[in-house]
Structure formats: C-alpha cells, structure tokens
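What follows is the residue order along each chain.
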Amino acid sequence: MKIRTVLLSAALAVLGALSAVVPASAADGISTYYLTFRTGNLPNADTEDAVRVTMFGTEGQSAPMQFDRDFRTGETWTSGPHRHPSFGTIGYISLGKGGRESDAWYSEYVSIHEESTGRVYHCAVNEWFPKDSLTRFYACV
C-alpha cells in the first residue's frame, strides 16, 4: 500500500511539473500578450492622446486596443496581460494616436511578448505622429 501511495504521489508531482511547463492558455488556444511602448526622449515627444494598437498575425488579428493614458517623454510602459486567441506569428501592427489633445508624439517602438511561446516581437516605429489623429502600419520582427 505504501508503494502505491508513493507512486501516486510521484505521478501527481510529475503532472504538476508538466502543467507548469505548458501554460493553460497554450492548451486552450488562448495566448497572453504584453505590449511595451517606448516614447522617445526628445523635447515634446510625449502625448496625452489615446494610443491605439491592432496586432496582425498569421492566424488572425486583434481587435483595436486603446490606451487612455499619458505617454511621457523617455518612458517605457508595459500593458497587460491581454488574453486573446493566438494570432500566430505577429507580422505587423497598426499604431495610431488620437487628435483630441492636439499634441504630437514620438514613438520609438512597440514590443509584444507572447507569454505561452516566450516570443518577443519588436515593432520599430521611430516616427513622429502629428497633432492630428493618424494611424500607420509597422513590421514586427
């Protein structure tokens, strides 16, 4: 009886370890994403306008995600977790800024971390967004 209990305990420990290796989100087709935004360290590079991002992948795209916060000069800010069905390999994003506050914004990059795969996609921007509302597309590698 003791051997059976020891074997059962060992089997449960192995199963517990395996479930720690494969996140539940990967098993159910849901991925967890973290988005990191970098605002340039240039005079007046910040914005108080809302920023919008849509991710485009080999298996679909996200709905537009809007971030209503101040993006400060020289700031690196991460948002998440965002749970979505997997988009596959992220190829590009659309990045936009509202025009309500009438201020420009300099974005250096957006990076996307997909937790279940450990993959990080870097989407270089390095552009000024004008005072008006504007959306542009950027490749991710």
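Report on the accompanying structure. (Residues numbered from 1 in each chain as written. Predicted model: local features only at pLDDT ≥ 70, side-chain atom pairs only at ≥ 80, totals over all residues. Heavy atoms only, no water.)

With respect to the pattern of salt bridges
Going by this rule: Salt bridges are defined as contacts in which a side-chain nitrogen from Lys or Arg sits within 4 Å of a carboxyl oxygen from Asp or Glu. Residue burial is assigned from relative accessible area. The probe radius is 1.4 Å, only protein chains are included, and a residue is buried under 20% of its type maximum, exposed over 50%, and partly exposed in between.
Going through the model one piece at a time under the given rule, you end up with 7 salt bridges. The salt bridge partner of Asp 70 is Arg 72, with a shortest N-O separation of 2.7 Å. With a relative accessible area of 28%, Asp 70 lands in the partly exposed category. Overall, the relative accessible area of 37% leaves Arg 72 in the partly exposed class.

With respect to the state of the cysteines
Heads up, the condition is: Criterion for a disulfide: a pair of cysteine sulfur atoms at a distance within 2.5 Å. A helix here means a DSSP run of H or I that spans at least four residues, while a strand means a run of E at least two residues long, and both kinds are numbered starting from the N terminus.
Enumeration over the complete set of coordinates arrives at 1 disulfide. The side chain of Cys 123 participates in a disulfide bridge whose partner is Cys 140; the two sulfur atoms lie 2.1 Å from each other. On the sign convention where negative means left-handed, the S-S torsion of about 100° between Cys 123 and Cys 140 marks this disulfide as right-handed. Here the residue Cys 123 occupies a position in strand E8 (residues 119-129), and Cys 140 occupies one in the segment after strand E9 (134-139), the gap between them amounting to 17 residues.

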